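Chain by chain, the residues run as shown.
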Amino acid sequence: MSVRSTLVLDIGSGTQDVLYFLPDREPENCPKFVLPAPARQVGARIRRLTSEGRGIYLFGTNMGGGFHRDVMAHVKAGLPIAAHPEAAYSIADDLTALEAKGVTLAETCPPGHVAVRLADYDAGYWNALLAAAGLEMPYEVMACAQDHGFHPGQSNRMGRFALWRRFLLEAEGRPEALVYAHPPRELTRLAALQRSIGGGLVADSGAAAVLGALSDPEVAERSRHEGLCLVNVGNSHTIAFLLFRERMWGVYEHHTGLLDEAQLWSELNAFRRGELGFEAVFEGNGHGCMTLELPAEAHGFLPTVVLGPRRTMLAHRPVLMPAPGGDMMLAGCFGLLKGRELRGGAS
């Protein structure tokens with residue numbers, strides 16, 4: 001292949017947003033896809049099997065667990081469901097507790113069960129889709145997804161936020177440090193995703209959103225001279241960062257479904273002033289909030305840059321809504337490319 005193409009995936013809870021990047025083309029002319037998220041497809045299949053009264057066997061790899069409610073609805077309907085131990089981690093960190101809820105662990109598919117494969121990235125699916133679109137298989141695959149991390153015996157929300165805290169304190173808030181050739185051991189979903197894509201770079205979707213914003217020339221230029229509050233309003237999670245001189249100075253994360261416009265805007269204003277504490281967000285069933293000592297040169301991080309599929313929540317506020325690479329839904333994909341660039345092109 002004369003041009004080294006890259007398939008770049010941002011795997012969310014509602015959609016998977018995909019860029020087939022060709023370095024010899026303008027970003028606007030590269031093929032793009034916005035498709036249902038893998039977890040949503042799994043959930044739809046489980047619901048169909050529940051309606052048919054069939055037993056289910058989950059196998060495959062650890063992936064996003066957006067179908068947890070569908071699994072529990074299947075159990076509540078009195079129908080059998082089993083899971084391979086590796087696949088079961090898509091639903092819960094504590095497999096003993098999962099068994100107590102009615103999910104049987106099994107190395108092989110029990111008789112009479114329908115096998116349902118779990119994976120954030122299915123090579124066969126992408127081989128077929130790219131072939132149908134007349135595209136060659138890419139030279140490289142990169143991907144991002146939200147990973148709560150593996151935290152048995154403790155709150156997933158608290159465990160995930162501990163990773164953000166460690167990043168701010170140890171990696172000096174450099175977003176490219178969150179694009180991994182080797183994910184931290186807690187990030188088991190990203191590790192499984194990396195194996196599925198063949199070893200390419202992976203990242204949490206929050207870090208990819210920051211880097212996506214920085215791939216927009218106007219946002220990158222402004223961040224060099226003034227602090228910005230960058231917000232990604234996703235289908236499941238809202239995450240915000242205080243950004244100044246291409247460094248993160250704070251992070252805030254909550255569940256989108258628990259927020260309305262007034263609460264989100266109020267918490268963002270407290271966040272940018274360094275007045276929003278971890279407990280206030282966590283006690284509201286969010287993940288948390290943390291800020292470093294904020295530099296006076298950032299002037300209060302007043303400009304607000306908003307990305308994400310539900311960003312219209314803040315459409316009536318004084319915000320900027322950039323479209324990195326010409327497509328807001330592809331911000332995470334362009335962020336992964338920006339991360340690769342900042343890492344020096346290393347995979």
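Residues numbered from 1 in each chain as written. Predicted model: local features only at pLDDT ≥ 70, side-chain atom pairs only at ≥ 80, totals over all residues. Heavy atoms only, no water.

1. Some points on the state of the cysteines
Selection rule: Disulfides are defined in this document as cysteine sulfur pairs within 2.5 Å. Relative accessibility decides the category of a residue: with a 1.4 Å probe and only protein chains considered, values under 20% of the type maximum give buried, values over 50% give exposed, and everything between is partly exposed.
If you walk through the whole model with that rule in mind, you get zero disulfides. The closest cysteine sulfur to the non-disulfide-bonded Cys229 is located on Cys289, 9.7 Å from its own sulfur. Looking at Cys229, the relative accessible area reads 0%, which means it is buried.

2. Some points on the packing of helix H1 (residues 38-51) against helix H2 (residues 68-76)
To characterise two packed helices, one gives the angle between the axes of the helices and the distance between these axes. Rule in force here: Interaxial angle, 0 to 180 degrees, is taken between N-to-C directions of lines fitted to C-alpha atoms, where a helix line uses only the stretch in contact. Starting at the N terminus, helices and strands are each numbered in turn, a helix being any DSSP run of H or I of at least four residues and a strand any DSSP run of E of at least two. Note that the term roughly parallel is reserved for angles under 35 degrees, roughly antiparallel for angles over 145, roughly perpendicular for angles of 65 to 115, and oblique for everything else. The criterion used for residue contact is that any of the two residues' heavy atoms lie within 4.5 Å. Following the grouping adopted for this structure description, the nonpolar residues are Ala, Val, Leu, Ile, Met, Phe, Trp, Tyr, Cys and Pro, the charged ones are Asp, Glu, Lys and Arg, and the polar ones are all others, Gly among them.
Remark: H1 packs on H2, axes separated minimally by 9 Å, with the N-to-C direction vectors making an angle of 10°. One way to sum up the angle between H1 and H2 is to call them roughly parallel. On H2, the residues touching Gly43, Ile46, Arg47, Leu49 and Thr50 of H1 are Asp70, Val71 and His74. Residues belonging to the contact of H1 with H2 are distributed by class as follows: three nonpolar, three polar and two charged.

3. Looking at the sheet that holds strand S15 (residues 304-307)
Note on sheets: strands pair through backbone hydrogen bonds, and any given pair is parallel or antiparallel. The test is simple: At least two DSSP bridges between two strands are required for those strands to pair.
Read across the sheet, five strands follow the order S14-S13-S12-S11-S15 without closing on themselves; strand pairing throughout is mixed. Both outer strands of the open sheet, strand S14 (288-291) and S15, are each paired with one neighbouring strand and no more. On average, each strand axis in the sheet is tilted by 15° relative to the strand beside it, whichever way the strands run. Two elements, strand S12 (residues 237-244) and strand S13 (residues 247-255), share eight bridges in a ladder whose sense is antiparallel.

4. What to know about the pairing of strand S4 (residues 55-60)
Rules: Here, the term right-handed applies to a crossover whose path from the first strand over the helix to the second runs clockwise when the strands point away from the viewer.
In the sheet, S4 pairs with strand S7 (residues 113-118) via six bridges, with the strands oriented parallel. In the strand pairing of S7, Gly55 is matched with His113. When S4 meets strand S5 (residues 81-83), the two strands line up parallel, connected through three bridges. The residue bridging Tyr57 from the neighbouring strand is Ala82, located in S5. Taken together, S4, H2 and S5 form a β-α-β motif whose crossover is right-handed.

5. Thoughts on the pattern of salt bridges
Where we set the bar: Any carboxyl oxygen of Asp or Glu within 4 Å of a side-chain nitrogen of Lys or Arg constitutes a salt bridge here.
This structure, assessed with the given rule, holds 13 salt bridges. Between Arg117 and Asp122 there is a salt bridge, and its shortest N-O distance comes to 3.6 Å. Overall, the relative accessible area of 33% leaves Asp122 in the partly exposed class. Here Glu261 ties to Arg317 by a salt bridge, and the two come within 3.2 Å at their closest N and O atoms. You can see Glu261 sitting in helix H10 (residues 261-272) and its partner Arg317 sitting in the loop between S15 and helix H12 (331-342), a full 56 residues away along the chain. Given a relative accessible area of 28%, Arg317 falls into the partly exposed group. Here the salt bridges share partners, and the residues they tie into one network are Glu221, Arg224 and Glu246.

6. Examining unusual backbone geometry
The backbone of Glu246 sits at a positive phi, close to 60°, despite the residue not being glycine. Of the residues examined, Glu246 reaches a relative accessible area of 25% and is grouped as partly exposed.

7. Side note on the packing of helix H8 (residues 205-214) against H12
As a packed pair, H8 and H12 sit with axes 6 Å apart at the nearest point and diverge in direction by 80°. By the angle between their directions, the pair H8 and H12 is classed as roughly perpendicular. In contact with Ala208, Leu211, Gly212 and Leu214 of H8, H12 contributes Ala331, Gly332, Phe334, Gly335, Lys338, Gly339 and Leu342. Here the contact of H8 with H12 is composed, by residue class, of six nonpolar, four polar and one charged.

8. Observations concerning the sheet that holds strand S1 (residues 6-11)
Within the open sheet, the six strands sit side by side as S3-S2-S1-S8-S10-S9. Their pairing is mixed. Either end of the sheet is taken by a strand with one partner, and the two such strands are strand S3 (32-36) and strand S9 (179-180). With respect to the sheet, H12 is in contact with S1, strand S2 (15-21), strand S8 (140-145), S9 and strand S10 (202-203), its orientation differing from that of S1 by roughly 125°.

9. Section: the environment of Ala131
With respect to the secondary-structure elements, Ala131 resides in helix H5 (residues 123-132). Residue classification places Ala131 among the exposed residues on the basis of a relative accessible area of 52%. Each C-alpha atom of the pair Ala131 and Ile91 lies 32 Å from the other, and the pair is 40 residues apart in sequence.

10. Observations regarding the packing of aromatic side chains
Cut-off, in case you're wondering: Each Phe, Tyr or Trp ring, with Trp reduced to its six-membered ring, pairs with another whose centre is within 6.5 Å; inter-plane angles below 30 degrees give stacked pairs, above 60 give edge-to-face pairs, and intermediate values give tilted ones. Consider the ring centre and the ring normal. A charge sits over the ring if Lys NZ or Arg CZ is within 6 Å of that centre and within 35 degrees of that normal.
In total, this model carries five aromatic pairs according to the counting rule given. On the numbers, 6.0 Å between centres and 70° between planes, the contact of Phe33 with Trp126 is edge-to-face. Note that Phe33 is positioned in strand S3 and Trp126 in helix H5, a separation of 93 residues in sequence. Taken as a pair, Phe33 and Trp126 share a single burial class, namely buried. Look at Tyr57 and Phe59: their rings are 6.4 Å apart centre to centre, the planes differ by 5°, and that puts the pair in the stacked class. Aromatic rings pair up to connect Phe33, Tyr125 and Trp126 into one cluster. Here Arg165 stacks its cationic end above the ring of Phe278, 5.5 Å away from the centre of that ring.

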